[in-house]
Protein chains: 2
Amino acid sequence: MAKSSDAKGLTPRAQDYPQWYQDVIREADLAEPAKVVKGCMVIKPYGYAIWEKIQRELDARFKDTGHSNAYFPMLVPQSFITKEAEHVEGFAPELAVVTHAGGEKLEEPYVIRPTSETIIGHFFAKWISSYRDLPMLINQWANVVRWELRTRMFLRTTEFLWQEGHTAHANHAEARSEVARMLDVYGDFARDVMAMPVIRGIKTETEKFAGAHESWCIEALMQDGKALQAGTSHDLGQNFGKAFDVKFQREDGELDYGWQTSWGVSTRLVGGLVMTHSDDAGLVLPPRLAPIHAIIVPIYKNDEQRARVMEAAERIKRTMQDIDFSDPRCRYRDFLTVEIDDRDMRPGAKFYHWERRGVPMRIELGPRDLDKGQICVKMRTGGDGKKEFLPEAEFLGSVRQRIDDYQQMLLDAAEQRMADRTVTLDTWEEFMAAFGNDDSTFAWCHWDGTKETEAAIKAATKVTVRCIPLPGQGPAPEPGLCIKSGRPSTQRVLMAKAY
Amino acid sequence: MAKSSDAKGLTPRAQDYPQWYQDVIREADLAEPAKVVKGCMVIKPYGYAIWEKIQRELDARFKDTGHSNAYFPMLVPQSFITKEAEHVEGFAPELAVVTHAGGEKLEEPYVIRPTSETIIGHFFAKWISSYRDLPMLINQWANVVRWELRTRMFLRTTEFLWQEGHTAHANHAEARSEVARMLDVYGDFARDVMAMPVIRGIKTETEKFAGAHESWCIEALMQDGKALQAGTSHDLGQNFGKAFDVKFQREDGELDYGWQTSWGVSTRLVGGLVMTHSDDAGLVLPPRLAPIHAIIVPIYKNDEQRARVMEAAERIKRTMQDIDFSDPRCRYRDFLTVEIDDRDMRPGAKFYHWERRGVPMRIELGPRDLDKGQICVKMRTGGDGKKEFLPEAEFLGSVRQRIDDYQQMLLDAAEQRMADRTVTLDTWEEFMAAFGNDDSTFAWCHWDGTKETEAAIKAATKVTVRCIPLPGQGPAPEPGLCIKSGRPSTQRVLMAKAY
């Protein structure tokens, strides 16, 4: 751990939020820029362990909703991308192209998938011929490549890891139910697992996925007031069905094209996690995604004390590791992860080390604690930063509740921040005041529904329409006047600067 | 399921083994050739579910042996590949090259990783500076691309999924311990989970990994007598350490290069599974890797019977699904997976459907069984193909044992076949007789240890030295004369034709 302990410290958020973000990732050893591969990063073990937890929780929810995992080729014939007009327009500028392989120039180049609607559309056409083959509910865990100009660790990298669901249905209504169902899976996951509240809504024409009929999304509020698009669920209509000839016989005997959806979340979620919970002391993690739930730091001055303290530490670790931490929805059972840090370092350095890594619970264990039969426990954040001293049995009996309370506390704090940072704006002056300089916030505003006004707002302020809220996700629809053009509007939409 | 039930039937093994292999994969709906992407395949949900089980079991074993997962970029600067002389020689002909991205020609092309020693070597050099940073124990689950001339589903595809372990150590002895430890993880997994016995050994210079000091391997015997290299564990010596300048300060203060290992298994294992257990009726799966352990087929003639039978089926399913099927080594708990096939099809068609998919246990449930309080159970293979009729409680109490016995039976059968198909050959006449036509077998033969003889044997018969056995994995070393050259040899080696 020598190199990773070359701590450079953390820039305070108030001083430079983007630098703080990079610092948290470096100090928690989540990832580092690859440098030698443009816009890519290496996801280091601690960061990858968080991604594995995200994967496992989401994967269980996808299976619970009837989906199966499969795997499609990463290389896509270049001609496939051009088959859907809007799709190629959106993705052509970002493609990485394989022109040579096996020592020869290829007759037709392949692109590395930027997303898999095209290659999967091709196979859906082979697999689907009758309504009896529908719905087809597939998910894929994969890497994709998009040649982005500006990249930022986790939030936007040239290569990233994600899951992409692809489904086909017999009619539009069923496809739309799927779009809504998966958006709810994402929204519930964000809230219940990531402790990250989100607004669920629909993208404007300008912001929708290239090739979609309609894109639904979840938008989260980061600490700096900017929005993070954290997941999308697309109603593809029959666009890809027609482009790839996904024809099927309906129950009434007529031929029709498949109604498709796609939906995805990515390693970007790790960035959202950082910018939702972390503080000036480093990473803060919700227990549901923490690779380590509790760290025990033994404190001793000599070998005799060490033997005694380590024996107690091992006993406490064993007891805690048997505490069931299963997700009630899943058919596997899970347990708490507890580690003992017995490295040859000062306790203070260990505290600092694990704080920066966001381990929810720290237990200090010294001879005096053992004499008193007590445990010294401190949570990473909350509770006024105080240590608590508890009889061992009482502590052990309270662990699960403490962990659950901590998860809830992080959610409460994030929800409170969202409430505090969400405003309703009615005039362009208010708007400019809210979004001046580098400021951002969640703002409910009237908008006239045109691309022109959207573009004008973006040009003036970098603010975009994040989404048109789904029912219950924003202010109740009421007529008003567009914040920019003054033209009539039927409901407020969510506006913010975005990552 | 309409399209997938367009059964074309299975070619008998005795008639055309390679065609049978393709047929089993098609009929079990494991995968299909991508066709539009050269040499690639689509892994379909049922095949991917087997791969997920392989991943989960292996991943737990990697973590138990101290490894952490991470993720490195898929794109590797072309110059990296050339840094290790043997490595570039071995892999250059198989590379896929990205020359254009983001609409522009790249200054330096990237290759899609054929394996990640080079890019990981680059980061090890950044992360390792002292013996205190060692050992570094990393694993990556990833896709790789190798432009192969001849491909075959699962066994050799242009893109494939795998895991690649990469470790760095302070000295050669520790690195060699790691090589041996991970070979044992693979060998134990093959035997205990896949029910596939293997020979553990060391590759010859000709067959070793390009860039390795020494390659260790597990070799399995397929039903047609051919060998399948099922996993490799490489002692990289300091080759990549020197190529990527992975320098560190030893405990004695001297500077040295890291001693590295790499080890991997891939989706090829699914092909090995097929060719170890399956029969002329289709796929046969060991329960430890079966996506579905038991299928319940309800049998009824009218709605009244259906209601009664389905109620019982649901009850039995619930009871069976609560049967703990955890791997004793893992910290998660697992359960049996049971499904009821209530499709509108004849029972016979359902039996055939699930047989081809290798579901270990079939339960038939009709009104007469319910009248008698009995369960009709049939295992996919073994037990003379007979149905057994058992009182429900007795059956339910025996399920776990039956599943375990079935796993053991498959291993016993595979071990028996390996014993039957392994010969000791002493003369070239015997050798030519054993390997004539398309025949193959596992043969222990003396070999003079030269590349020339190895090449001559291969040219004459397509037979290669699969491995030099580790102690206890083959006949005890004794001097003899090379089967081809007649020159002296110190021990017998394993020879076979190979996939």
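Given the structure is predicted, the values throughout are model-derived calculations rather than measurements.

Thresholds, definitions, all that
- Sequence order as written defines residue numbering, which begins from 1 separately in each chain.
- A letter from A marks each chain and a number from 1 marks each ligand, given out in the order of writing.
- Restriction of local features to residues with pLDDT of at least 70 applies here, the model being predicted, together with a cutoff of 80 or more for giving and counting side-chain atom pairs; totals for whole chains, interfaces and linings are based on all residues.
- Boundary definitions for the domains trace back to an automatic or database domain assignment.
- By the convention adopted here, residues make contact when the C-beta atoms placed from their backbones lie within 7 Å.
- In this description a helix means any DSSP run of H or I spanning at least four residues, a strand means any run of E spanning at least two, and both kinds are numbered starting from the N terminus.
- Under this grouping Gly is polar, as are all residues other than the nonpolar Ala, Val, Leu, Ile, Met, Phe, Trp, Tyr, Cys and Pro and the charged Asp, Glu, Lys and Arg.
- Here the rule is simple: two strands pair whenever DSSP picks up at least two bridges between them.
- With C-beta atoms placed from the backbone, the exposure class of a residue follows from how many other C-beta atoms lie within 10 Å of its own: 20 or more, buried; 12 or fewer, exposed; in between, partly exposed.
- Between N-to-C directions, angles cover 0 to 180 degrees, with each direction set by a line fitted to C-alpha atoms, over the stretch in contact for helices.

**Focus: the domain arrangement of chain A**
Residue and element names in this part refer to chain A. In terms of domains, chain A is made up of domain 1 (3–277), domain 2 (287–406) and domain 3 (422–496). For domain 1 and domain 3, the distance between their C-alpha centres works out to 27 Å. On the domain 3 side, the residues contacting the 16 residues of domain 1 number 17 residues. For the side of domain 1 that touches domain 3, the secondary structure elements donating two or more residues are strand S9 (198–202) and strand S10 (214–221).

**With respect to the interface of chain B and chain A**
Contacts between chain B and chain A engage 49 residues on the former and 49 residues on the latter. When residues of the side of chain B that touches chain A are traced back to their parent elements, those giving at least two are strand S2 (41–43), helix H2 (45–64), strand S3 (68–69), strand S4 (75–77), strand S5 (96–101), helix H5 (117–127) and strand S8 (159–169) of chain B. Per element, the largest residue contribution to the side of chain B that touches chain A is six residues, and it comes from S5(B). Residues belonging to the side of chain B that touches chain A are distributed by class as follows: 29 nonpolar, 10 polar and 10 charged. Sheet topology places strand S5 (residues 96–101) of chain A next to S5(B); five bridges connect them, and they run antiparallel. Note that in S5(B) the partner of A:Ala101 across the bridge is B:Ala96.

**A few points about unusual backbone geometry**
Both trends apply: most residues other than glycine have a negative phi, and most peptide bonds are in trans. For the peptide bond that leads from A:Leu134 to A:Pro135, omega is -5°, which places it in the cis range. The phi dihedral of B:Lys35 falls on the positive side, at around 60°, and the residue is not glycine. You can see B:Lys35 is positioned in the loop between strand S1 (31–33) and S2. With 12 C-beta atoms counted inside 10 Å, the residue B:Lys35 sits in the exposed group.

**Comments concerning the sheet that holds strand S15 (residues 294–298) of chain B**
In a beta sheet, neighbouring strands are held together by backbone hydrogen bonds and run either parallel or antiparallel to one another. Residues and elements named next belong to chain B. Strand order in the open sheet formed by five strands is S16-S15-S17-S18-S19, and the pairing between neighbours is mixed. Sheet topology places strand S16 (338–340) and strand S19 (388–391) at the edges, where each strand pairs with a single neighbour. Neighbour-to-neighbour, the strand axes of the sheet open up by a mean angle of 25°, direction not taken into account. Inspection of the sheet shows strand S18 (residues 374–379) paired to S19 by four bridges, in the antiparallel sense. Across the sheet, Ile 375 pairs through a bridge with Leu 390, a residue of S19. Taken strand by strand, helix H9 (residues 303–321) contacts S15, S16 and strand S17 (361–365), and its axis lies near 170° from that of S15.

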